[in-house]
Amino acid sequence: MQKMKKTKVCLVTGICILCLTGCQSQIEKDITGSEAPSVESSEIEDDELPEITIDFIPNRISIAEYQSQYEEEINEIKESSYANISFQDCEIMPFHGVEKVGVYRLYSVDMGVDESIETIENWLREIGCEDIELKTELRDATGQYERNEGREYPYDYPAVYDYYPEFDSGRGFFVNTNQCYIQMGSDGIYSMSDGTITAFLGLDGLAAMDALGINEENIVEKGSTSEKSHEIWELADGELSVGDGAKAVKNYFEAGTPRQNPSGISVDVPEVEVFALDDKYGYAFTVRRIYYGVPFAYVPTGKKTYYSSDYEIMEDTKKAYIINHDTVAAFTGYVDAEQLEELIEEQTEIMSLKDAVSLLDDFWAANVKLEVYKAGLVYCTCRDDGGNQIVYPCWQFEGMNTTNAQMMRAYVNVLSGDVYYYSYVEG
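The structure contained in this document is the topic of the report that follows.

## What to know about the packing of aromatic side chains
- Under the definition given, this model contains 35 aromatic pairs.
- For the ring pair tyrosine 157 and phenylalanine 174, a centre distance of 5.3 Å and an interplane angle of 90 degrees mean the geometry is edge-to-face. One end of the pair, tyrosine 157, is in the loop between β9 (139–140) and α6 (160–163); the other, phenylalanine 174, is in strand β10 (residues 173–176), with 17 residues separating them in the sequence. Across this residue pair, the class does not change: tyrosine 157 and phenylalanine 174 are buried.
- An aromatic cluster is present here, built from Tyr306, Tyr311, Tyr392, Tyr420, Tyr422 and Tyr424 joined pairwise through their rings.
- A cation sits over an aromatic face here: lysine 304 above tyrosine 422, 4.8 Å from the ring centre.

## A look at the pairing of strand β16 (residues 265–277)
- With respect to burial, β16 is a largely interior element, ten of its 13 residues being buried.
- Relative to β16, strand β13 (residues 219–224) runs antiparallel, the two being bridged by five bridges. In the strand pairing of β16, serine 224 is matched with glutamate 271.
- Pairing analysis gives eleven bridges linking β16 to strand β17 (residues 280–291), with the strands arranged antiparallel. Across the sheet, phenylalanine 275 pairs through a bridge with glycine 282, a residue of β17.
- Where β16 folds back on β17, the antiparallel hairpin that results is connected by two residues, among which aspartate 278 adopts a positive phi of roughly 55 degrees.

## Here we look at unusual backbone geometry
- Omega for the peptide link from tyrosine 153 to proline 154 comes to 5 degrees, which places this bond in the cis form.
- Along the chain, proline 154 falls in the loop between β9 and α6.
- Going from threonine 257 to proline 258, the amide bond is cis rather than trans, its omega being -10 degrees.
- Relative to the helices and strands, proline 258 resides in the loop between α10 (242–254) and β16.
- One non-glycine residue with positive phi stands out, namely aspartate 278, at about 55 degrees.
- Along the chain, the position of aspartate 278 falls in the loop between β16 and β17.

Quick notes on the rules
Residues numbered from 1 in each chain as written. Predicted model: local features only at pLDDT ≥ 70, side-chain atom pairs only at ≥ 80, totals over all residues. Heavy atoms only, no water. Phe/Tyr/Trp six-rings, centres within 6.5 Å; stacked < 30°, edge-to-face > 60°. Helix = DSSP H or I, 4+ residues; strand = E, 2+ residues; numbered from the N terminus. Buried < 20%, exposed > 50% of the residue type's maximum accessible area, 1.4 Å probe, protein only. Lys NZ or Arg CZ within 6 Å of the ring centre and 35° of its normal. Pairing = 2+ DSSP bridges.

Take a look at the structure:
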């Protein structure tokens, strides 16, 4: 393939990353005895000015024009033969409702101390647990004050009211009892369980187990939500279709938890797992956000192996659990209210999928033969060396490297042609 000349644009933005990983993974380790994935967020600061470079690739196509050509191009790709890529049994996501794409900074605005406490109080009232004594049960996991290692979890974490109001923010405040569990993130509720799963199973344990999926181990069915939307299973309070369960999850998160989502953000529920609850069932939905028609990439299950130290890919991570008709029983993951800041003028031209396939086919070394199962346009979040979370529009390719039977995921930036990729072992 002929080498393409690129146009370079430099961006300057102020960022200071404020990570939740430390407190989240520590709490999850305290509960489960092992590390679990957690979400990171960033907060605005004006004193750091990292420089980001976008090299625009030529010969991009108008998005408006591309809409009418996309289906025909999909058929052409599937019928073509490539040296290192196969699309024989590939699902290629539809491309509609998209008018423009951009490059964005993903950042958070911390919950205030009183805002977090009020959110927790309101939530406890909503689920009927207002009798919980917050003077005792409300704890802080930010590390602003020292833990008492001699006490059992969760009372080894400092009580919020022992230090109120002397906190930088309400991020990291949590309650974890056998009745219910809530954990605040930077922009709202990061994780919660109303206790209904634990109660249904008659377990005498902390309700956080529900939010972390500990009680979801017996999976009997899984797959695409759209394909399984008409399946009906007997939940704790009666029959519910997968599709209706997905709608309940979508409505729950689009309503805000509790902050309202930024303009343009909607919620998608792409995958479902059906898990057994004694003689009943529950749904575990994978949740991701969509920004003006383009979905965010969501993380696969398994350990990643990167082949470059230039970036770290930070896909959306959120799971929501339903066992009743009324609402979400538990969830853990990113907060939809995270903000996106435009870093360059939004673009109405992108690299076509066909050109991305040709670029990727030339990019792979001889030891990669990728059998693609799924492809489509997504937003991919990459964390750079400075901790900045930058969101790029990309063509995503996911499938198996048949030379070593490992799963691979690759992203081709639709503005620059840059490739980000990793392999993973499903788990």
